[in-house]
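In case you want the letters, here they are:
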Amino acid sequence: MCILPKYSTNIINFSFIIALLFSPFRVSSQNPVWTEVAPGVWKTTVGIPDKFDLLKASGANPNTEALAKLGTTAFPLPASGIVAESTDSKTFLRFPLVKAEQLYGFGLNFKTVQQRGKILQLHVDHYGGTDNGRDHAPVPFYISNLGYGVFVNSARYITVYAGTSVRKDSPEAPQPLDRNTNKNWSASPYSDAVEMVVPASGAEVYLFAGPTPLDVVRRFNLFNGGGCLPPRWGLGFTQRVKSLYTADQVIEEAKAFAAKGYPLDFIGLEPGWQSKSYPCTFEWDKGRFPDPPAFVKTMKEMGIRLNLWTNPYVSPDSPIYEKIKPLTGSHTVWGGLVADLTLPEAREIITGQLQKDQVSIGVSGYKIDECDGYDRWLWPDVAKFPSSTSAEQLRQTYGLMLQKMTTDLYRKQNSRTYGLVRASNGGGSSFPYVIYNDYYSHEDFITALINSSFAGVLWTPEVRGSKTGEEWVRRMQTVCFSPMAMINAWSDGTKPWSFPEVEKEVKAIALLRMQLMPYFYSEFAKYHFEGTPPFRAMNLEPGFGESTVSELKNANLSENPYAEAVTREIKDQYMAGEYLLIAPLFKGQTERKVVLPRGKWYDFYTGKLAGEGEVIQVSAGLDHIPVFVKDGGIIPMMPPLLHAPAAGEKFDLVIRWYGKKQGNYDLYDDDGETFDYEKGVYSWRKIAVSSDKKGKLAGSISRVESGKPDNIGKVTWKMMTE
Ligand code: GAL
């Protein structure tokens, strides 16, 4: 369906409309023409877009079937309020805002959740401590709390005025006030638009409908192919060992985990497994790793997979150096070549080396470092690449292309991977990679986790070292409620048991992570099949912050906790899956405030009622992180195994249920390791808690369809709320 703007000031010229309809690629129009490209997703093409963009770099394929299930909806904005124009090799975009509107997104911000009032320049970079648009995933996508989202599919450094610019023709233009005499004078008067500059002669723009902000995010993720489904082992625990560790030291480390009873599914090798790093050779160091196949096999026999750190810059000592040289850019990084990854031959040379040397012997994945920033050492914007793709476009998409390249490599082996990457962008939702960085602020790491749900990416608040046992356990508690439960001990070699005073608490949280695997695995399946981010902002939770800002400005917080959700940023609590609300404590805290959304919420550990649509004060000793469960919540858990169940290995299920309401849960199952789920080899089982004739609640779990995966052994039920 095409949405034509209402031309209020122009006389409608029929031939102009025909031209708009039939040559949308050439039109430099005021009000763009929108075409519905999937249910609830509209596209417009402004000016002449670049040949290369975010969706081309990621190769994202919309999941049209799942999008169709979300149903159709009306165009979510007044089309006449959207203005687009291309002139002077730049594209200008404007989207309307109303007074009571909040904006989320614009990438992986670390300090703020609400983005209205920001000026940003979206630029892939290592986060530098300010939410200015430079970050690891500066996705040009924003979501309005009114239930729509806008995505600009351009690999350019886009400048965003997110409700800061004031036009003289604005219907809501603020009245000039005299600063000398009027207390209401403001340096930043009211703005009724999001305006953007794309430094290119055109751009594709997409609009995603709701009705809820969560639906907008779902549509966005599904449009990008759906979220990734990690292998089951990817949701276990991972330890990254110190740089320059030898094969023997790595084996010793794995043995120590087993001996002490700590869970471990994969170990990450940091710089040192390669013969040279910064730039990299992409081949094993023969001194530290004399027999890589035997080493990988020994680890596998212990139930441990391996993930290898690398950066993408090719060392003169790499076996691929000469071959790849003609396919690289004009500038080097630490003396290493920068491959033009838009060229299939360049990608093949790199993946050929990874395949031959590492993937074929069983290495399970990579940590792709240094593809984000900083400017001081990455290629500059003046660099030239053989494909003529600009340095700017490569900067915006390098992380995306590295993820795609390696994901495709694993898909070819029919073996799932789950790794780390330091840069991503729009279109990357389906890649099995988690973003991380060196910034290490615990509080800001949680805000990034919240914001990752608006950007279609995953983020881990990784744990490295800590000054005290208290900080260590608090950090461990949050990383275990994140997409990757990881200690990154590359520099100091810290182990989970390094702080004896909290060893018990740390082990307990690592084992709880393992117990929650059936729940988290199902939540990731929902990310993949339905687009719902497994870890997400409270603002995406139905019943949270629904009222408008103006209504709530003067609200009494104890009477209306949602005022808090809109007028104050909620950047320190989040949802983990359908039913769990996580409220982390940080260093020095023993208690905190938690905003509970509408309905009743129960304590995860005791099953007791914690509150109902209110702001509560909670305290928690080092032995636990506050976690709350929605009324009717069903949490499928398994015993605290030290490794994720392997393909075909049965495991028992302990189903906890909370509250007084009937509830249900969709439990996902497949082999946990291959891509066969893409061919339909998976099963969903319905878990339900419903009341019998006497009003007594009882649980049931549906059978698996014959011939479908079934890894569940004995099922026991645990009614948590008496
Ligand atoms: C950093 C990275 C760290 C670690 C280190 C190794 O760039 O963020 O996680 O891998 O390199 O040198």
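Every residue gets a number counted from 1 within its own chain, in the order that chain's sequence is written. Residues qualify for local features only when their pLDDT is at least 70, as the model is predicted, and side-chain atom pairs are given and counted only at 80 or more; totals for whole chains, interfaces and linings, by contrast, use all residues. Working from all heavy atoms in the structure, the side-chain values ignore hydrogens and water.

K.L.:
Can you walk me through the side chain of aspartate 444 in this structure?
P.N.:
Working definition: helices are DSSP H or I runs of at least four residues, strands are E runs of at least two. Numbering for both runs from the N terminus. Take aspartate 444: it is sitting in helix H10 (residues 442–455). Note on exposure labels: buried denotes an accessible area under 20% of the residue type's maximum, exposed denotes more than 50%, and partly exposed covers the range between, all computed with a 1.4 Å probe on protein chains only. By relative accessible area, which is 10% here, aspartate 444 ends up buried. Polar contact criterion, stated in full: a pair of N or O atoms within 3.5 Å, where within protein one must be able to donate a hydrogen and the other to accept it, and residues adjacent in sequence count only if both atoms are side-chain atoms. Among the polar contacts made by the side chain of aspartate 444, one reaches the side chain of tyrosine 439 at a distance of 2.5 Å. The contact rule is simple, with two residues in contact once any of their heavy atoms fall within 4.5 Å. Those residues in contact with aspartate 444, other than ones at most four positions away along the chain, are Phe110, Lys111 and Tyr439.

K.L.:
Explain the pairing of strand E16 (residues 305–310) here, please?
P.N.:
Regular strands place their side chains on alternate faces of the sheet. Among the 6 residues that make up E16, 6 are buried, leaving the element largely enclosed by the rest of the structure. The side-chain alternation of E16 yields two buried faces, one formed by Arg305, Asn307 and Trp309 and the other by Leu306, Leu308 and Thr310. A pair of strands is treated as paired once DSSP finds two or more bridges between them. Bridge count between strand E15 (residues 266–269) and E16: 4 bridges; the pairing is parallel. By the bridge assignment for E16, leucine 269 is matched with leucine 308.

K.L.:
What exactly am I supposed to notice about helix H8 (residues 344–357) here?
P.N.:
In an α-helix there are 3.6 residues to a turn, and that puts residues three or four apart on one side. Here H8 is 14 residues long and its end C-alpha atoms lie 20 Å apart, about the 20 Å a rise of 1.5 Å per residue gives. Among the residues making up H8, those that are buried are Ala346, Ile349, Ile350, Thr351, Gln353 and Leu354. Along its buried surface, H8 packs onto helix H7 (321–324), strand E17 (365–368) and helix H9 (391–412). Helix span, as expected, comes to 1.5 Å for every residue beyond the first.

K.L.:
It is not clear to me how the pattern of salt bridges should be interpreted in this structure. Could you clarify?
P.N.:
As a working rule, side chains carrying opposite charge can pair if their charged atoms are close by. Whenever Lys or Arg places a side-chain nitrogen within 4 Å of a carboxyl oxygen from Asp or Glu, that contact is recorded as a salt bridge. Inspection of the entire model under this criterion finds 43 salt bridges. A salt bridge links aspartate 285 to arginine 288; its shortest N-O distance comes to 3.5 Å. A salt bridge links glutamate 370 to arginine 422; its shortest N-O distance comes to 3.0 Å. Residue glutamate 370 is found in the loop between E17 and H9, and its partner arginine 422 is found in the loop between strand E18 (419–421) and strand E19 (433–435); the two are separated by 52 residues along the sequence. Taking relative accessible area as the criterion, glutamate 370 reaches 6% and is therefore assigned buried.

K.L.:
When you look at the packing of H8 against H9 in this model, what are you seeing that I'm missing?
P.N.:
The angle between the axes and the distance between the axes are what describe a pair of packed helices. For helices, the fitted axis covers only the stretch in contact; all axes are lines through C-alpha atoms, and the angles between them, taken along N-to-C directions, range from 0 to 180 degrees. H9 packs onto H8 with a crossing angle of 50° between their chain directions and a minimal axis gap of 10 Å. Taken together, H8 and H9 sit at an angle that is classed as oblique. Every pair of crossing elements has a handedness; the one defined by H8 and H9 is right-handed. Contact residues: Arg347, Ile350, Thr351, Leu354 and Gln355 in H8; Met405, Thr406 and Leu409 in H9. We call Asp, Glu, Lys and Arg charged. Ala, Val, Leu, Ile, Met, Phe, Trp, Tyr, Cys and Pro are nonpolar, and the rest, Gly among them, are polar. Among the residues forming the contact of H8 with H9, the class breakdown is 4 nonpolar, 3 polar and 1 charged. Each angle gets one of four labels, with under 35 degrees taken as roughly parallel, over 145 as roughly antiparallel, 65 to 115 as roughly perpendicular, and the rest as oblique. Note: crossing handedness is left-handed where the near helix turns anticlockwise from the far helix by less than a right angle, and right-handed where it turns clockwise.

K.L.:
Would you take a moment to explain the sheet that holds strand E21 (residues 535–537) for this structure?
P.N.:
Two modes of strand pairing occur in sheets, parallel and antiparallel, and in both the strands are linked by backbone hydrogen bonds. Here we have 6 strands laid out as an open sheet, ordered E21-E22-E23-E28-E25-E26, and antiparallel in their pairing. This sheet does not close on itself; its edge strands, each paired only once, are E21 and strand E26 (609–612). Taken pair by pair, the neighbouring strands of this sheet meet at an average axis angle of 35°, ignoring direction. In this structure, E21 lies alongside strand E22 (residues 574–576), joined through 3 bridges in antiparallel fashion. Looking across to E22, one finds that phenylalanine 535 is bridged to alanine 576. On the sheet, H10 packs against E21 and E22 and is oriented at approximately 90° with respect to E21.

K.L.:
Could you clarify how one ought to interpret the sheet that holds strand E30 (residues 651–657) in this entry?
P.N.:
Ordered in space as E29-E30-E34, the 3 strands form an open sheet in which the pairing is mixed. For this open sheet the edge positions go to strand E29 (634–637) and strand E34 (712–719), each flanked by a neighbour on one side alone. For this sheet, the mean angle separating the axes of adjacent strands, direction not counted, is 20°. Where E29 lies against E30, 4 bridges are found, and the strand directions are antiparallel.

K.L.:
Help me out: how do you make sense of the nonpolar core in this one?
P.N.:
A general trend in soluble globular proteins is that nonpolar side chains are found buried together. Core analysis: the largest hydrophobic core is formed by 175 residues, its most contacted members being Leu269, Phe295, Trp379, Tyr398, Phe481 and Leu580. Apart from the residues lying within four places of it in its own chain, the contact partners of phenylalanine 295 are Ala247, Val250, Ile251, Leu269, Trp284, Phe289 and Leu306. We call a set of buried residues a nonpolar core when its members are Ala, Val, Leu, Ile, Met, Phe, Trp, Tyr or Cys and they connect through side-chain atoms within 4.5 Å of each other. Ranked by size, the runner-up nonpolar core spans 30 residues in total, among them Ala79, Ile82, Leu93 and Val205.

K.L.:
Sorry if this is basic, but what is going on with the packing of helix H11 (residues 469–479) against helix H12 (residues 503–515) here?
P.N.:
H12 packs onto H11 with a crossing angle of 0° between their chain directions and a minimal axis gap of 9 Å. One finds that H11 runs roughly parallel with respect to H12. Of H12, the residues touching H11 (which contributes Trp472, Val473, Met476, Gln477 and Val479) are Glu505, Val506, Ile509 and Arg513. Of the residues belonging to the contact of H11 with H12, the class tally is 6 nonpolar, 1 polar and 2 charged.

K.L.:
Which parts of the structure should I look at to understand the site of the ligand?
P.N.:
Around the ligand, 13 residues are found, and the nearest of them are Glu270, Tyr278, Lys367, Asp369 and Asp438. At a separation of 3.1 Å, an oxygen atom of the ligand approaches a polar side-chain atom of glutamate 370. Contact between the ligand and aspartate 438: an oxygen atom at 2.5 Å from a side-chain N or O atom of the residue. Here the accessible surface of atoms and residues is derived via Shrake-Rupley with a 1.4 Å probe, and residues count as covered only by protein chains that are part of the display. Summarising the interface, the protein chains cover 94% of the accessible area of the ligand, which totals 310 Å² for the free molecule. For the shell around the ligand, the residue count by class is 5 nonpolar, 1 polar and 7 charged. In this text, near means that some heavy atom of the residue lies within 4 Å of the molecule or strand in question.

K.L.:
I keep staring at the side chain of glutamate 204 and nothing clicks. Help me out?
P.N.:
Along the chain, the position of glutamate 204 falls in strand E13 (residues 202–209). Overall, the relative accessible area of 11% leaves glutamate 204 in the buried class. At 3.4 Å, the side chain of glutamate 204 and the side chain of lysine 43 are in polar contact. Within the local environment of glutamate 204, its side chain forms a polar contact with the side chain of tyrosine 206, the two groups lying 2.9 Å apart. Those residues in contact with glutamate 204, other than ones at most four positions away along the chain, are Lys43, Thr44, Thr45, Pro49, Asp53, Phe151, Val152 and Asn153.

K.L.:
How should I be thinking about the pairing of strand E27 (residues 615–619) in this particular structure?
P.N.:
Only one face of E27 is covered, namely the one carrying Ile616 and Val618; the face carrying Val615, Gln617 and Ser619 has none of its residues buried. Of the pairings in the sheet, the one linking strand E24 (residues 591–595) to E27 comprises 5 bridges and is antiparallel in character. From the neighbouring strand, valine 594 faces E27, where its bridge partner is isoleucine 616.

K.L.:
Just checking my understanding: could you explain the confidence of the model for the protein chain for this structure?
P.N.:
Predicted coordinates in regions of low pLDDT should not be interpreted in detail. Averaged over all residues, the pLDDT of the protein chain is 94; the fraction at 70 or higher stands at 93%. Across residues 5–28, where pLDDT falls below 50, the model places 28 contacts with residues more than four positions away in sequence or in other chains. pLDDT runs from 0 to 100 and stands for how confident the predictor is about each residue.

K.L.:
Please explain helix H4 (residues 213–223) as it appears in this structure.
P.N.:
Most of H4 is tucked away: 10 of the 11 residues are buried. All of the buried residues in H4 are Pro213, Leu214, Asp215, Val216, Val217, Arg219, Phe220, Asn221, Leu222 and Phe223. Backbone geometry just downstream of H4 places glycine 225 in the positive-phi region, at approximately 100°.

K.L.:
Before we go on, may I ask you to explain the packing of aromatic side chains in this structure?
P.N.:
Two aromatic rings are characterised by how far apart their centres lie and by the angle between their planes. Each pair of aromatic rings taken from Phe, Tyr and Trp, with Trp reduced to its six-membered ring, is defined by centres within 6.5 Å and is described as stacked if the planes are under 30 degrees apart, edge-to-face if over 60, and tilted in the remaining cases. For the structure on display, the rule yields 52 aromatic pairs. Centre to centre, the rings of phenylalanine 520 and phenylalanine 535 are 5.5 Å apart; their planes meet at 40°, and the pair counts as tilted. Of this pair, phenylalanine 520 sits in helix H13 (residues 517–530) while phenylalanine 535 sits in strand E21; the two residues are 15 residues apart in sequence, bridging distant segments of the chain. One aromatic cluster in this structure is built from Tyr278, Trp309, Tyr313, Trp334, Tyr374, Trp377, Trp379, Phe385 and Tyr398. For lysine 507, the ring lying beneath its charged end belongs to tyrosine 262, and the centroid distance is 5.3 Å. Between lysine 526 and the ring centre of tyrosine 665, over which it is positioned, the NZ or CZ distance is 3.7 Å. Comment: the charge-over-ring label is applied if NZ (Lys) or CZ (Arg) is within 6 Å of the ring centre and within 35 degrees of the ring normal.

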